[in-house]
Amino acid sequence: MELENKRFTVIQHPLVAHKMSYLRDEAARPTEFRQLVSELAAIEAYEALRDAPLKDVTVRTPLADVPCQRIPSGAITVVPILRAGLGMLEGVHRTLPAASVGHLGMDRDETTHEAHPYYAKFPPRIAESTVLLVDPMLATGGSAIAALKYLRDAGVQDIRLLVLVAAPEGVQAVLEADPNVRIWTCALDDGLNEDAYILPGLGDAGDRIFGTL
Ligand code: PRP
Ligand code: URA
């Protein structure tokens with residue numbers, strides 16, 4: 001699979017490689033793991049918002065007026081997929097504190113790996129905003145596909161999926177299921193094991209973030 005095409009980007013940056021090496025390490029404790037997830041999410045948000053919408057404003061410096069640009073309020077909504085996606089929220093907010101937040105709870109059957117939404121709370125004008133859908137892991141793609149369908153049904157046009165580790169099977173499934181979504185990841189791994197865990201991956205992201213191992 002190519003590392004870059006119009007809809008799929010593997011972020012290649014020394015800082016990402018450095019942080020991923022610590023994130024993957026089984027010795028990382030939840031405090032360090034959470035911190036790294038957050039830092040990587042901040043970098044991903046920066047990358048994924050390169051073409052964020054801007055409006056012209058005039059700002060008064062202590063000396064003169066100056067034409068500037070700002071991202072309009074409500075233009076960006078971050079939607080973490082519960083539970084593990086919550087670990088990325090603080091990092092995205094560090095990059096863009098004004099982003100609104102929608103929550104989407106997804107339940108995944110551990111045997112069939114099928115995902116179903118069980119909770120959703122979105123800002124009222126989510127349909128007009130750019131949505132950063134965040135979840136550290138893209139494995140089979142089932143959770144992301146169900147989340148994308150839910151957001152499309154809510155009328156959202158511009159959805160950018162931000163993950164930290166992706167399996168090629170999951171990337172392909174998501175790109176096929178949703179012809180308009182764009183995906184950013186910090187790493188593209190080898191594939192899935194028989195339990196649909198990403199190899200080499202980093203294990204269960206939610207358990208490592210929340211200390212439920
Ligand atoms: C993990 C992960 C994704 C999903 C990826 O969540 O955070 O949501 O699995 O797998 P998929 O691509 O095969 O759907 P999990 O269901 O383990 O729940 P959690 O966030 O509560 O840990
Ligand atoms: N969910 C995870 O947390 N890790 C994986 O490798 C696959 C799904």
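Before going into details, it helps to say that this report is about the structure given with it. (Residues numbered from 1 in each chain as written. Chains lettered and ligands numbered in written order. Predicted model: local features only at pLDDT ≥ 70, side-chain atom pairs only at ≥ 80, totals over all residues. Heavy atoms only, no water.)

## Here's the deal with the environment of A84
Examined against the element boundaries, A84 turns out to sit in the loop between strand 5 (76-82) and helix 3 (86-95). Given the relative accessible area of 12%, A84 is considered buried. On a C-alpha basis, the gap between A84 and V37 in space is 9.9 Å, while along the polypeptide they are 47 residues apart. Excluding anything up to four places from it in sequence, A84 contacts D135, P136, A205, G206, I209 and F210. (Helix = DSSP H or I, 4+ residues; strand = E, 2+ residues; numbered from the N terminus. Buried < 20%, exposed > 50% of the residue type's maximum accessible area, 1.4 Å probe, protein only. Contact = heavy atoms within 4.5 Å.)

## Here's the deal with empty space enclosed by the protein
Over the atoms rolls a probe the size of a water molecule, and in doing so it shows where empty space is left. Within the structure shown, the criterion is met by 1 cavity of 30 Å³ or more. Looking at side-chain class alone, the lining of the largest cavity contains 7 nonpolar, 3 polar and no charged residues. (1 Å grid on protein atoms, 1.4 Å probe; cavity = no way out; pocket = protein on both sides within 12 Å on 5 of 7 lines; lining within 4 Å. Points joined across faces, edges and corners; volume = space filled by probe spheres on them. Nonpolar A, V, L, I, M, F, W, Y, C, P; charged D, E, K, R; others polar.)

## Some details on helix 3
Considered for burial, the residues of helix 3 that qualify are G87, M88, L89, G91 and V92. Packing partners of the buried residues in helix 3 comprise helix 2 (30-48), strand 5, strand 6 (100-101), strand 9 (130-134), strand 11 (158-166) and helix 6 (205-210).

## With respect to the site of ligand 1
Surrounding ligand 1, one finds 14 residues, the nearest of these being R108, D135, T140, G141 and S143. A distance of 2.7 Å separates an oxygen atom of ligand 1 from a polar side-chain atom of R108. When isolated, ligand 1 has an accessible area of 500 Å², and the protein chains bury 89% of it. When atom positions are compared with the pocket grids, ligand 1 is found to occupy the largest pocket. Looking at the shell around ligand 1, its residues break down into 5 nonpolar, 5 polar and 4 charged. (Near = heavy atom within 4 Å. Polar contact = N/O pair within 3.5 Å; in protein donor to acceptor, adjacent residues only side chain to side chain. Areas by Shrake-Rupley, 256 points an atom, 1.4 Å probe, with all protein chains shown as cover. Sits in = over half its atoms within 2 Å of the grid points.)

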